[in-house]
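# Close look at the chain arrangement
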Amino acid sequence: MLQFDHVSKSYPGGFVALERINFRIAKGEMVFLTGHSGAGKSTILKLISMIERPSTGRVMINNIDLSRLKRSQVPYVRRDVGIIYQNHRLLMNHTVFDNVALPLVIEGFTGKEMVKRVHAALDKVGLLDKQRCLPQTLSGGEQQRVGIARAVVNKPPLLLADEPTGNLDPELSRDIMRVFEAFNQVGVSVLVATHDLGLIARMRYRTLTLKQGRMINDGLMPVQEPL
């Protein structure tokens with residue numbers, strides 16, 4: 001599904017964001033990505049979402065080498081990747097329905113098929129009854145769910161979540177993670193970038209740990225003993 005093969009990323013001035021990163025995420029796998037600020041998490045997400053290209057190595061999605069894509073091909077491959085942001089990035093002067101429908105409008109969907117897909121996405125995150133509300137009338141957790149619905153409305157096989165629980169309390173964080181688990185259980189691959197080690201320890205999924213641009217761990221995080 002997703003593969004990093006000896007991937008490095010350098011920026012002008014000599015800053016090395018990633019150094020020889022290797023990992024694979026299988027179809028239907030749920031994985032956490034963690035590390036301190038500046039460790040390289042955001043760079044990995046940018047490479048997967050094709051915002052950036054690797055300096056060396058290969059990033060593959062479904063056996064497609066992203067570095068070899070022509071610019072005109074990027075939007076078509078990007079449809080296979082749903083992205084959830086920490087700050088939601090919702091259009092506050094548009095309804096929940098319109099926010100979720102946006103990716104479909106861009107792809108040219110109209111009419112009954114668009115309505116069907118938006119309703120299905122909102123139903124999966126428990127917000128079908130909020131479709132005519134404006135985002136500012138919703139709680140932080142509900143706004144995050146709208147962001148998730150928007151990310152999955154075109155049925156991508158891969159979901160990326162960038163600090164999706166960073167602004168939420170522990171109970172809401174658990175609710176959001178249950179939503180990701182529900183998508184994962186129907187075959188969607190999920191990669192969650194987070195610095196919340198407590199959340200990772202509770203969830204007990206495979207974890208990729210970065211430090212200064214290098215992969216220092218690939219596996220389950222050790223259970224932390226209570227103080």
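Rules used in this analysis
- Residues numbered from 1 in each chain as written.
- Predicted model: local features only at pLDDT ≥ 70, side-chain atom pairs only at ≥ 80, totals over all residues.
- Heavy atoms only, no water.
- UniProt positions renumbered as here; feature names shortened; annotations may be inferred.
- Salt bridge = Lys/Arg side-chain N within 4 Å of Asp/Glu carboxyl O.
- Helix = DSSP H or I, 4+ residues; strand = E, 2+ residues; numbered from the N terminus.
- Buried < 20%, exposed > 50% of the residue type's maximum accessible area, 1.4 Å probe, protein only.
- Pairing = 2+ DSSP bridges.
- Axes fitted to C-alpha atoms, helices over the stretch in contact; angles between N-to-C directions.
- Contact = heavy atoms within 4.5 Å.
- Core = buried A, V, L, I, M, F, W, Y, C linked by side-chain atoms within 4.5 Å.
- 1 Å grid on protein atoms, 1.4 Å probe; cavity = no way out; pocket = protein on both sides within 12 Å on 5 of 7 lines; lining within 4 Å.
- Points joined across faces, edges and corners; volume = space filled by probe spheres on them.
- Nonpolar A, V, L, I, M, F, W, Y, C, P; charged D, E, K, R; others polar.

As annotated in an unreviewed UniProt entry, the protein chain is Cell division ATP-binding protein FtsE from Alishewanella agri BL06. UniProt, in its Function (unreviewed entry) section for the protein chain, records the words "Part of the ABC transporter FtsEX involved in cellular division. Important for assembly or stability of the septal ring." Checking UniProt for the protein chain, the heading Subunit (unreviewed entry) contains the comment "Homodimer. Forms a membrane-associated complex with FtsX."

## So, the pattern of salt bridges
Going through the model one piece at a time under the given rule, you end up with 9 salt bridges. A salt bridge links Arg214 to Glu19; the shortest N-O distance between them is 3.2 Å. Placement of the pair is Arg214 in strand 10 (residues 214-219) and Glu19 in strand 2 (residues 15-25), with a sequence separation of 195 residues. Residues joined by salt bridges that share partners form a network here, namely Glu29, Arg206 and Asp218.

## Focus on unusual backbone geometry
Positive phi, close to 65 degrees, is recorded for Met50, a residue that is not glycine. Within the fold, Met50 resides in the loop between helix 1 (41-48) and strand 4 (56-61). Taking the relative accessible area as the measure of exposure, Met50 reaches 11% and is therefore buried. At Lys155, a residue that is not glycine, the phi angle is positive and equals roughly 60 degrees. Inspection of the secondary structure puts Lys155 in the loop between helix 5 (140-152) and strand 7 (158-162). Owing to a relative accessible area of 59%, Lys155 belongs among the exposed residues under this scheme.

## Here's the deal with the sheet that holds strand 9 (residues 206-211)
Read across the open sheet, the 6 strands follow the order 6-7-8-3-9-10; overall the sheet is mixed. For this open sheet the edge positions go to strand 6 (81-84) and strand 10, each flanked by a neighbour on one side alone. On average, each strand axis in the sheet is tilted by 15 degrees relative to the strand beside it, whichever way the strands run. In this sheet, strand 7 lies alongside strand 6 in parallel orientation, the contact comprising 4 bridges. Residue pairing across strands places Gly82 opposite Leu159, the latter belonging to strand 7. Across the sheet, helix 1 touches strand 3 (30-34), strand 6, strand 7, strand 8 (189-193) and strand 9, and the angle it forms with strand 7 is around 150 degrees.

## Brief notes about the nonpolar core
In terms of nonpolar packing, the biggest core is built from 36 residues, with Val100, Val118, Ile148, Leu159, Met177, Phe180 and Phe183 touching the most fellow members. When contributions to this core are tallied by element, the ones reaching two or more residues are strand 3, helix 3 (96-107), helix 4 (111-124), helix 5, strand 7, helix 6 (170-185), strand 8 and helix 7 (197-203). With sequence-adjacent residues up to four places away left out, Val100 is seen in contact with Val118, Ala121, Leu122, Val146, Ala149, Arg150 and Val153. Membership of the second largest hydrophobic core comes to 28 residues, among which are Leu33, Ala39, Leu47 and Leu160.

## Topic: the sheet that holds strand 2
Strand order in the open sheet formed by 4 strands is 2-1-4-5, with antiparallel pairing between adjacent strands. Two strands in the sheet have a free side with no partner beyond their single neighbour: strand 2 and strand 5 (64-65). Summarising the sheet, strand 4 and strand 5 pair through 2 bridges and their orientation is antiparallel. Within strand 5, the residue paired with Ile61 across the bridge is Ile64. Where helix 1 meets the sheet, its contacts fall on strand 1 (2-11), strand 2 and strand 4, and the angle it forms with strand 1 comes to roughly 115 degrees.

## With respect to empty space enclosed by the protein
Under the counting rule described, the total for this entry stands at 1 cavity of 30 Å³ or more. Estimates place the volume of the largest cavity at around 50 Å³. In terms of lining residues, the largest cavity is bounded by Leu47, Met50, Glu52, Arg53, Pro54, Leu66, Ser67, Leu69 and Val74. Considering only residue class, the lining of the largest cavity consists of 6 nonpolar, 1 polar and 2 charged.

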